[in-house]
Amino acid sequence: MEKDLTKGSVLKVLLRFSLPYLLSSFLQTFYGMVDLYVIGQYNGAAATSAVSIGSQVMHMLTVVIVGLAMGSTVGLGVAIGSKHKERASCIIGNTVTLFAIGSVTLMAVLMLARNGIITVMSVPTEAISQTKDYLTICFAGIPFITAYNVISCIYRGMGDSKSPMYFVGVACVLNIALDFLLIGGFGMGAAGAAYGTVVSQASSVVFALVFLMKKSKAEMSGLKLTKADFRPERSVFSDILKVGVPVACQDGFIQISFLVITMIANQRGVDVAASVGIVEKIISFLFLVPSAMLSSVSAIAAQNRGANQHERARKTLYYAILVSVSFGIVCFVLCQFVPEQFVGLFSSEAIVRELGAQYLRSYSFDCIMAGIHFCFSGFFCAYGRSGFSFAHNLTSVLLVRIPGAYLATKLYPDTLFPMGMAAPAGSALSSVICIVLFLVLWRAPHEELR
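Residues numbered from 1 in each chain as written. Predicted model: local features only at pLDDT ≥ 70, side-chain atom pairs only at ≥ 80, totals over all residues. Heavy atoms only, no water.

A. Layout of the overall build of the protein. The helix and strand tally for the protein stands at 19 helices and zero strands. Its C-alpha atoms give the protein a radius of gyration of 21 Å, near enough to 22 Å, the size a compact globule of 450 residues would have. Referenced to the eigenvectors of the C-alpha coordinate spread, the extents of the protein come out at roughly 60 × 45 × 35 Å. Per-residue burial for the protein yields a buried fraction of 56% across its 450 residues. Looking at the protein alone, contacts between residues at least 24 apart form 84% of all its contacts between residues at least 6 apart. When the accessible surface of the protein is totalled, it reaches about 17700 Å², and 68% of it is carbon and sulfur. (Helix = DSSP H or I, 4+ residues; strand = E, 2+ residues; numbered from the N terminus. Rg over C-alpha atoms; globule rule 2.2 N^0.38 Å. Buried < 20%, exposed > 50% of the residue type's maximum accessible area, 1.4 Å probe, protein only. Contact = heavy atoms within 4.5 Å. Areas by Shrake-Rupley, 256 points an atom, 1.4 Å probe, with all protein chains shown as cover.)

B. Highlighting the packing of helix α10 (residues 270-286) against helix α14 (residues 350-363). Between α10 and α14, the shortest axis-to-axis distance is 8 Å and the interhelical angle comes to 45 degrees. Judged by the inter-axis angle, α10 sits oblique to α14. Note that α10 runs across α14; the crossing there is right-handed. Side by side, α10 and α14 meet where Asp-271, Val-272, Ala-274, Ser-275, Val-276, Ile-278, Val-279, Glu-280, Ile-282 and Ile-283 of the first sit next to Ile-351, Val-352, Leu-355, Gly-356, Tyr-359, Leu-360 and Tyr-363 of the second. Of the residues contributing to the contact of α10 with α14, the split by class is 13 nonpolar, two polar and two charged. (Axes fitted to C-alpha atoms, helices over the stretch in contact; angles between N-to-C directions. Parallel < 35°, antiparallel > 145°, perpendicular 65-115°, else oblique. Left-handed = near helix turned anticlockwise from the far one by under 90°. Nonpolar A, V, L, I, M, F, W, Y, C, P; charged D, E, K, R; others polar.)

C. Broad picture of the environment of Thr-131. You can see Thr-131 is positioned in helix α5 (residues 128-140). Between the C-alpha atoms of Thr-131 and Val-10, which are 121 residues apart in sequence, the distance is 46 Å. If we skip the residues at most four places from it in the chain, Thr-131 touches Ala-50, Ile-53, Ile-118 and Val-123.

D. Representation of the packing of aromatic side chains. Under the criterion given, the structure shown has 10 aromatic pairs. Put simply, the rings of Tyr-318, Phe-376, Phe-379, Phe-380, Tyr-383, Phe-388 and Phe-438 pair up and form one aromatic cluster. (Phe/Tyr/Trp six-rings, centres within 6.5 Å; stacked < 30°, edge-to-face > 60°.)

E. Molecular detail of the side chain of Ser-427. Within the element layout of this structure, Ser-427 appears in helix α18 (residues 422-442). Judged by relative accessible area, which is 0%, Ser-427 ranks as buried. In this structure, Ser-427 is in contact with Asp-366, Met-369, Ala-370, His-373, Ser-396 and Arg-401, ignoring residues within four places of it in sequence.

F. Up close: unusual backbone geometry. A positive phi angle, close to 65 degrees, is found at Asn-308, a residue other than glycine. Structurally, Asn-308 is set in the loop between α11 (288-306) and α12 (310-337).

G. Structural context of the pattern of salt bridges. As enumerated under the stated definition, the model contains two salt bridges in all. Close ionic contact of Glu-311 with Arg-314 constitutes a salt bridge, the shortest N to O distance being 1.7 Å. Here Glu-311 and its partner Arg-314 are both found in helix α12, three residues apart, which amounts to about one turn of the helix. (Salt bridge = Lys/Arg side-chain N within 4 Å of Asp/Glu carboxyl O.)

H. Up close: a nonpolar patch on the surface. Together, Leu-11, Leu-15, Leu-19, Tyr-319 and Leu-322 line one region of the surface with nonpolar side chains, adding up to about 430 Å² of accessible area. Put simply, the parts of the chain that give the nonpolar patch at least two residues each are α1 (10-42) and α12. Sort the elements by how many residues they give to the nonpolar patch and α1 lands first, with three residues. (Patch = residues over 30% accessible without salt bridge, like charges linked within 9 Å, V, L, I, M, F, W, Y side chains within 5 Å.)

Written out as structure tokens, the structure reads:
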């Protein structure tokens, strides 16, 4: 279960760790896209908007949860890199306690806030009923969604990116089957998509726990969890949240910017809302590689930080940027030539395909720019400087992403192309800030880097 990420070729270690994570993310995003595909085949624009809007809300919550859990990933990486087994066990136990309490509380709050969320999101009138159904079911499943993502983050913090791939594989197969059964067979619309998501995530959690129980002592590499490890410790909670909260806020602000852009689109009618929702799904798929690099850099650099191998951590960052940017260029080129075909996978309506293609052509430039600041964010988190990531993303959201999208809508009401430029422009600003912050960080004495 535990893997040493401080030895061997840096590039090989990065690819070996990131590929299972990438496949896990692909499967998770794939079955999310299947939701949209199936709902589009059996229902109209109203149901498509309900699922796209509802899934955006859930995606925002998920990335915030994963961001918080990043504190556990980094803490585990440092503890394992420095060979502190007891500390690692305590972090795992406290992580379970912290997120169990947090998920139940979050579920209760969100249930009470359903109508307010729908109002704030400016959901088109035709889609309100199904959006409410979707959110109600998904909010009830928050504990399962939290458990799955936290378990995966714990495994990755220990250097194991393969096990979470198996967990999400179970969820993927089940979710796709349930989509066709509940949406296509029983005609349950958006509610069927929500039930499929929650049931598949719950099944994945059960599979993960059974998988963990069958691990041998040798595979656990000296890690022994006791009841005392689950007892809340202020210092452990503090260390987890010190890294996790800025990351969660950073990811949350990015998602809020997406939601604000969605709100702007929703006010322009159901066709624009469906187009923007579909493109956001496509972009989330294309962002899999940058996201995999972010998490991989966090885990690998954290272990190397714990082992005092700072140059190796820096090389991991460089290779990750190279991989991310190269992939982004390929995605950008494809989106310039076949955007309508991509959007057409999720809607047969001509107006939705036309508007979606406009938005995708400009937005896809972000596939290149985002790869740079994603990798830097992973590196900053590994070194306990997650506040850096929060700072550059907040600056980008407030100065470029949201105002850029709003102005584009006002100045160019007949096309979505200018609106799509807001995201890559924001990423460009983030990348410049990241480079400056990295140069400042790397000039610090190594004692401070620890």
